[in-house]
Amino acid sequence: MRAAILHAVGNDKLDIRDDVTLTPVGPTDVRVRIRATGVCHSDLSAMSGVLPQPVPLVPGHEGAGEVVEVGDHVDSVKPGDHVVISWRPACQTCDLCLGGQPYLCVKYIIESFSKGNFRFGGDGATAFGMAGCGTWAEEIVIPQQGAIKIDEELPWEAAALIGCGITTGVGAALNTAKVRPGSTVAVIGCGGVGLSVIQGARVSGARTILAVDPLESKHELAKKVGATHAVTPEQVPEALNQLTGGAGFDYGFEVVGKSATIKSAWQITRSGGDVIVVGAGALDDMVSISAFSLLFEGKRLLSSLYGEADVRRDFPYFAKLHKSGQLDLESMISGRIRLADLNDAVEALRRGEVLRQIVLMD
């Protein structure tokens, strides 16, 4: 089968091969034929080393497809089912899972990083799958907890987006921040996840949603999916005074993954407000906040990993929101490509020219 392989961290080009094989399906595994997969900024971060991953690596973690084979002990899905891939499968038995935080479960993440735990093989093509997935391949083998059944009427492109960008962003607004109706929200970063945060804030009933991005070309789409205002970083002080009377926003979302933008989100959030870090940053990018400010301004600094989702509940829920017209997933897609186009797609993403490209498998 075909797959795109990263041979070394920092490589600009992927090795797109047609001789890749899969490891056998274990008793609790599922084999999925990928129908659509997104080109996400986290994939770029894995290639550059910002998000540590073992190599050789098949990137890709945002995908959807059809179950073609299941292990003897699998009871959650069957061949023919349509599924969204969860890159953070929860074991459902540890203290974190049982305590309502399945998005923090690391059992399968650790196993996917273990030495010799390759998901892909073939002559010269042995490789890990990104986050245990590797959706930039025609087929993958994953734990059954990572294959979440969804409505068969949901288009593959929309299903793929739910696998990461939508869940991360909409979940940050609904699950982590629990944005209140009538509140004011600022979102720094208007990529795919940032636009998803904006949609989550809109669904929650926020009255004011400020989108912040240095690329004015992204402002129109931000408004289309729910932002009431859109500005560049230089225009933020004026917008803050105009929209909040200088007090600051109830919620400040950082969706870039940089210490500088985390501090910016902190600065534009009101006293007693919530600052939510959604962007995935580098290990050595340290954030400095005044200890005095941290205490006396009463702000809460929150992280939102994978939208704090319970994917068994949230994937079908977000699909229903899309089906009812409350989530605009079509506008999030800037292009549809083929597996052979991935190197061009990665370069376009690196240059900031695109939003979300979807790879459609033949």
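Report on the accompanying structure. (Residues numbered from 1 in each chain as written. Predicted model: local features only at pLDDT ≥ 70, side-chain atom pairs only at ≥ 80, totals over all residues. Heavy atoms only, no water.)

Describing the overall build of the protein chain
Secondary structure assignment for the protein chain yields 11 helices and 19 strands. In terms of overall dimensions, the protein chain is globule-like: its C-alpha atoms have a radius of gyration of 20 Å, near the 21 Å expected for 362 residues. Counting only C-alpha atoms and orienting by the principal axes, one finds that the protein chain spans roughly 60 × 40 × 40 Å. Taking the intrachain contacts of the protein chain between residues at least 6 apart in sequence as the baseline, contacts between residues at least 24 apart amount to 71%. Surface exposure of the protein chain reaches about 15,000 Å², of which carbon and sulfur atoms provide 52%. (Helix = DSSP H or I, 4+ residues; strand = E, 2+ residues; numbered from the N terminus. Rg over C-alpha atoms; globule rule 2.2 N^0.38 Å. Contact = heavy atoms within 4.5 Å. Areas by Shrake-Rupley, 256 points an atom, 1.4 Å probe, with all protein chains shown as cover.)

Notes on unusual backbone geometry
The general pattern is negative phi for most residues beyond glycine and trans for most peptide bonds. The omega torsion across V55 and P56 is -5°, close enough to zero to call that bond cis. Along the polypeptide, P56 turns up in the loop between α1 (41-48) and β5 (57-58). In this model, E308 sits at a positive phi of 45°, which is unusual for a non-glycine residue. Its place among the elements puts E308 in the loop between β17 (300-303) and α10 (311-323). Using a relative accessible area of 22% as the deciding quantity, one classes E308 as partly exposed. (Buried < 20%, exposed > 50% of the residue type's maximum accessible area, 1.4 Å probe, protein only.)

A short note on the environment of L302
Within the secondary structure, L302 is located in strand β17. Residues L302 and D274, spaced 28 residues apart in sequence, show a C-alpha to C-alpha distance of 7.2 Å. Filtering out sequence-adjacent residues up to four positions away, L302 remains in contact with T176, D274, V275, I276 and V277.

Let's talk about the packing of helix α4 (residues 156-177) against α10
Where α4 contacts α10, the axes come no closer than 9 Å and their chain directions differ by 100°. Judged on the interaxial angle alone, α10 and α4 are roughly perpendicular. Across the interface between the two elements, A158, I162, G163, I166, T167, V170, G171, L174 and N175 from α4 touch R313, D314, F315, Y317, F318, A319 and H322 from α10. Broken down by class, the residue content of the contact of α4 with α10 amounts to nine nonpolar, five polar and two charged. (Axes fitted to C-alpha atoms, helices over the stretch in contact; angles between N-to-C directions. Parallel < 35°, antiparallel > 145°, perpendicular 65-115°, else oblique. Nonpolar A, V, L, I, M, F, W, Y, C, P; charged D, E, K, R; others polar.)

Some words on the pairing of strand β18 (residues 333-337)
Sheet topology note: the β18/strand β19 (residues 356-360) ladder contains four bridges and is parallel. The partner of I337 across the bridge, within β19, is V359. On the question of chirality, the crossover connecting β18 to the parallel β19 by way of helix α11 (residues 342-350) is right-handed. (Pairing = 2+ DSSP bridges. Right-handed = clockwise from strand over helix to strand, strands pointing away.)

Some thoughts on the packing of α1 against α11
Contact pair α1 / α11: the axes reach a minimum separation of 10 Å and the direction vectors enclose 95°. In this view, α1 runs roughly perpendicular relative to α11, as classed from their interaxial angle. The residues of α11 that touch α1, namely those facing H41, L44 and M47, are V346, L349 and R350. A class-by-class count of the residues in the contact of α1 with α11 yields four nonpolar, one polar and one charged.

Digging into helix α5 (residues 192-204)
Taking 1.5 Å of rise per residue, 13 residues should cover 18 Å, and α5 covers 18 Å from first to last C-alpha, within 8% of that figure. Of all 13 residues making up α5, 11 are buried, and the element is well covered by its neighbours. For α5, every residue scored as buried is listed here: G192, V193, G194, L195, S196, V197, I198, Q199, G200, A201 and S204. For α5, the elements touching its buried residues are α4, β12 (184-188), β13 (208-212), α6 (219-224), β15 (249-254) and β19. Downstream of α5 by a residue or two, G205 has a phi angle that is positive, lying close to 95°. (Expected span 1.5 Å × (residues − 1).)

Some thoughts on the sheet that holds β13
One open sheet accounts for six strands, arranged β14-β13-β12-β15-β16-β17; its pairing is parallel. Only two strands of the sheet have a single partner each, and these edge strands are β14 (229-231) and β17. Within the sheet, the average angular offset between the axes of one strand and its neighbour, ignoring direction, is 20°. Docked against the sheet, α4 engages β15, β16 (269-277) and β17, running at close to 130° with respect to β15. Where helix α7 (residues 236-244) meets the sheet, it contacts β13, β14 and β15, and its direction lies at approximately 180° from that of β13.

Quick notes on the packing of aromatic side chains
Taken as a whole, this structure holds four aromatic pairs when the rule is applied. Above the plane of the ring of Y108 lies K107, whose end atom (NZ or CZ) is 5.4 Å from the centre. (Phe/Tyr/Trp six-rings, centres within 6.5 Å; stacked < 30°, edge-to-face > 60°. Lys NZ or Arg CZ within 6 Å of the ring centre and 35° of its normal.)

Some words on the side chain of R119
Mapped onto the elements of the fold, R119 is located in the loop between α3 (107-113) and β8 (120-121). Polar contacts involving the side chain of R119 include one to the main-chain carbonyl oxygen of V141, which spans 3.3 Å. Those residues in contact with R119 that lie beyond four places of it in its chain are T21, L22, T23, D29, A127, F128, V141, I142 and P143. (Polar contact = N/O pair within 3.5 Å; in protein donor to acceptor, adjacent residues only side chain to side chain.)

Considerations on the environment of D19
With respect to the helices and strands, D19 occurs in the loop between β2 (15-17) and β3 (21-22). For D19, the side chain forms a polar contact with the side chain of R17, separated by 2.9 Å.

Side note on the state of the cysteines
A full pass over the atoms with the stated rule returns zero disulfides. C40 supplies the cysteine sulfur nearest to C164, a cysteine that is in no disulfide, at a spacing of 4.4 Å. (Disulfide = S-S within 2.5 Å.)

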